[in-house]
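A structural walkthrough
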Amino acid sequence: MTHVFGGEAVVEQDVEVIWNGRTIAQQPLRLAGPDVAFHLTALDTAAKDFESQAQRLLDHTRLEAYLWANVSRQKVTFTLLRKGSGQK
């Protein structure tokens, strides 16, 4: 997937993690576009846990969306997480 989006030099970027309006860390993420991260996993279990943590990370960055593909033994899922969709 990295090759499709332009290669590692283009795709892998440090993204600011923000808490209370302040940058607290830089997280290296693979970007499909300026405001969209993507991630490929192969989780048979704990997919819901990963989704929850990915949503929390997304909500603390400048990104607007997180594309996630999970390829497990039994099924392949594609998920689009949007900023703020994990808030209640």
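Residues numbered from 1 in each chain as written. Predicted model: local features only at pLDDT ≥ 70, side-chain atom pairs only at ≥ 80, totals over all residues. Heavy atoms only, no water.

With that settled, consider the pattern of salt bridges. Evaluation of the coordinates by the stated rule reveals four salt bridges. Residue Arg62 pairs with Asp35 through a salt bridge whose shortest N-O separation is 3.5 Å. Here Arg62, found in the loop between α2 (47–59) and β4 (65–71), pairs with Asp35, found in the loop between β2 (22–33) and β3 (36–41); they are 27 residues apart in sequence, far enough to count as distant. With a relative accessible area of 33%, Asp35 lands in the partly exposed category. Taking the shortest distance from any N to any O, the salt bridge between Glu51 and Lys48 comes out at 3.3 Å. (Salt bridge = Lys/Arg side-chain N within 4 Å of Asp/Glu carboxyl O. Helix = DSSP H or I, 4+ residues; strand = E, 2+ residues; numbered from the N terminus. Buried < 20%, exposed > 50% of the residue type's maximum accessible area, 1.4 Å probe, protein only.)

On to unusual backbone geometry, then. Leaving glycine aside, a negative phi is the common case for residues, and trans is the common case for peptide bonds. Of note in this structure, Asn20 is not a glycine but carries a positive phi near 55 degrees. Tracing the sequence through the fold places Asn20 in the loop between β1 (12–19) and β2. Although it is not a glycine, Ala46 sits at a positive phi angle of roughly 70 degrees. With respect to the secondary-structure elements, Ala46 resides in the loop between β3 and α2. On the accessibility criterion, Ala46 (42% relative accessible area) is partly exposed.

Pairing geometry for β2 and β3, over three bridges, is antiparallel. Of the residues in β3, the one forming a bridge with Leu31 is Ala37. Two successive antiparallel strands, β2 and β3, enclose a turn made up of two residues. For β3 and β4, the ladder comprises six bridges, and the chain directions are parallel. Note that in β4 the partner of Phe38 across the bridge is Leu67. Taking the sense of rotation as the criterion, the β-α-β connection linking β3, α2 and β4 turns out right-handed. (Pairing = 2+ DSSP bridges. Right-handed = clockwise from strand over helix to strand, strands pointing away.)

The subject of this paragraph is a nonpolar patch on the surface. On the surface, Met1, Val4, Phe5, Leu40, Val71, Val76 and Phe78 cluster together to form a nonpolar patch covering roughly 720 Å² of accessible area. When you line up the elements, Met1 lands in the segment before α1 (8–11). (Patch = residues over 30% accessible without salt bridge, like charges linked within 9 Å, V, L, I, M, F, W, Y side chains within 5 Å. Areas by Shrake-Rupley, 256 points an atom, 1.4 Å probe, with all protein chains shown as cover.)

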